[in-house]
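Each chain is listed here by its residues.
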Amino acid sequence: MPATAPYAAALLRIVMGALFLAHAVWWKLLTAGMGHVVPWFVAQGYPAWFAWFVTLLELGGGIALVLGWRVRQVALILAALMAGIVWQQLPNGWIYTATHGGWEYPAFWMTALIAQAGLGAGAFAPLSRR
């Protein structure tokens, strides 16, 4: 494996973690607000509590990825979340800008998270078990 692989794994991990945090905190909690997010989840066929579950999963998963804590396990849990989104959005078509969102964007996330699980935490992971 090249000497740069730990840094590439760290880059992927930190960026994905930051994006999960941005999506949970900035978008769901601060911008759209859960008053908008919960009804959207319900309209998609999910129970209302699931919107909070997903938001907390994204928040906790984002923090864990940024800090390098249990990266393989966290990445697989988040990949399973993305697999569920892919499944839910299959009928909407491929492109994510389709009405109710397509499956291509969450499929990319699922694949990147599976790659992260295979790579591990990489460099700069203060909470990684070595």
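Summarised in this report is the structure supplied together with it. As the structure is a computational prediction, the values presented were derived from the model and not from experiment.

### Thoughts on the packing of aromatic side chains
One pair of aromatic rings is described through two measures. These are the centre distance and the angle between the planes.
Alright, step 1. Scanning the entire structure with this criterion turns up ten aromatic pairs.
Alright, step 2. Ring centres of Trp40 and Phe41 lie 5.6 Å apart, and the angle between their planes is 80°; this geometry places the pair in the edge-to-face category.
Alright, step 3. Among the residues examined, Trp40 registers a relative accessible area of 36% and is labelled partly exposed.
Alright, step 4. An angle of 20° between the planes, with centres 4.9 Å apart, marks the rings of Tyr46 and Phe50 as stacked.
Alright, step 5. Tyr46 gets classed as partly exposed once you look at its relative accessible area, which sits at 22%.
Alright, step 6. Members of the aromatic cluster, joined through ring pairs, are Trp40, Phe41, Tyr46, Trp49, Phe50 and Phe53.

### Digging into the layout of surface pockets
A probe as big as a water molecule, rolled over the atoms, marks out the empty space that is left.
Alright, step 1. Approximately 740 Å³ is the volume found for the largest pocket.
Alright, step 2. Taken together, 28 residues line the largest pocket, and the ones lying closest to its centre are His23, Lys28, Trp40, Glu58 and Tyr96.
Alright, step 3. Broken down by secondary-structure element, the contributors of at least two residues to the lining of the largest pocket are helix 1 (5-31), helix 2 (34-43), helix 3 (48-67), helix 4 (71-89) and helix 5 (104-119).
Alright, step 4. Residues belonging to the lining of the largest pocket are distributed by class as follows: 18 nonpolar, eight polar and two charged.

### Looking at helix 3
Alright, step 1. With 20 residues, helix 3 extends 30 Å between its outermost C-alpha atoms, agreeing within 8% with the 28 Å of an ideal straight helix rising 1.5 Å per residue.
Alright, step 2. Here helix 3 has its buried residues at Phe50, Ala51, Val54, Thr55, Glu58, Gly61, Gly62, Ala64 and Leu65.
Alright, step 3. Those residues of helix 3 that are buried are in contact with helix 1, helix 2, helix 4 and helix 5.
Alright, step 4. Positioned one or two residues after helix 3, Gly68 has a phi angle of 80°, which is positive.

### Some thoughts on the packing of helix 1 against helix 3
Alright, step 1. Here helix 1 crosses helix 3 at 145°, and the two axes come no closer than 7 Å. Crossing of helix 1 over helix 3 shows left-handed handedness. Here Arg13, Ile14, Met16, Gly17, Ala18, Phe20, Leu21, His23, Ala24, Val25, Lys28 and Leu29 of helix 1 come into contact with helix 3, specifically with Trp52, Val54, Thr55, Glu58, Leu59, Gly62, Ile63, Leu65, Val66 and Leu67.
Alright, step 2. Each residue belonging to the contact of helix 1 with helix 3 can be placed in one class, and the counts come to 15 nonpolar, four polar and three charged.

### Things to note about the nonpolar core
Alright, step 1. Within the largest apolar cluster, 25 residues are counted, with the highest numbers of intra-cluster contacts made by Phe20, Leu65, Leu78 and Leu113.
Alright, step 2. Every element with two or more residues in this core is listed here: helix 1, helix 2, helix 3, helix 4 and helix 5.

### Focus on helix 5
Alright, step 1. In this model, helix 5 (16 residues) spans 23 Å end to end at C-alpha, consistent with the 22 Å of a helix rising 1.5 Å per residue.
Alright, step 2. Those residues of helix 5 lying buried are Pro106, Ala107, Trp109, Ala112, Leu113, Gln116 and Ala117.
Alright, step 3. Where helix 5 is buried, its residues touch helix 1, helix 3 and helix 4.
Alright, step 4. Downstream of helix 5 by a residue or two, Gly120 has a phi angle that is positive, lying close to 85°.

Calculation criteria
Residues numbered from 1 in each chain as written. Predicted model: local features only at pLDDT ≥ 70, side-chain atom pairs only at ≥ 80, totals over all residues. Heavy atoms only, no water. Phe/Tyr/Trp six-rings, centres within 6.5 Å; stacked < 30°, edge-to-face > 60°. Buried < 20%, exposed > 50% of the residue type's maximum accessible area, 1.4 Å probe, protein only. 1 Å grid on protein atoms, 1.4 Å probe; cavity = no way out; pocket = protein on both sides within 12 Å on 5 of 7 lines; lining within 4 Å. Points joined across faces, edges and corners; volume = space filled by probe spheres on them. Helix = DSSP H or I, 4+ residues; strand = E, 2+ residues; numbered from the N terminus. Nonpolar A, V, L, I, M, F, W, Y, C, P; charged D, E, K, R; others polar. Expected span 1.5 Å × (residues − 1). Contact = heavy atoms within 4.5 Å. Axes fitted to C-alpha atoms, helices over the stretch in contact; angles between N-to-C directions. Left-handed = near helix turned anticlockwise from the far one by under 90°. Core = buried A, V, L, I, M, F, W, Y, C linked by side-chain atoms within 4.5 Å.

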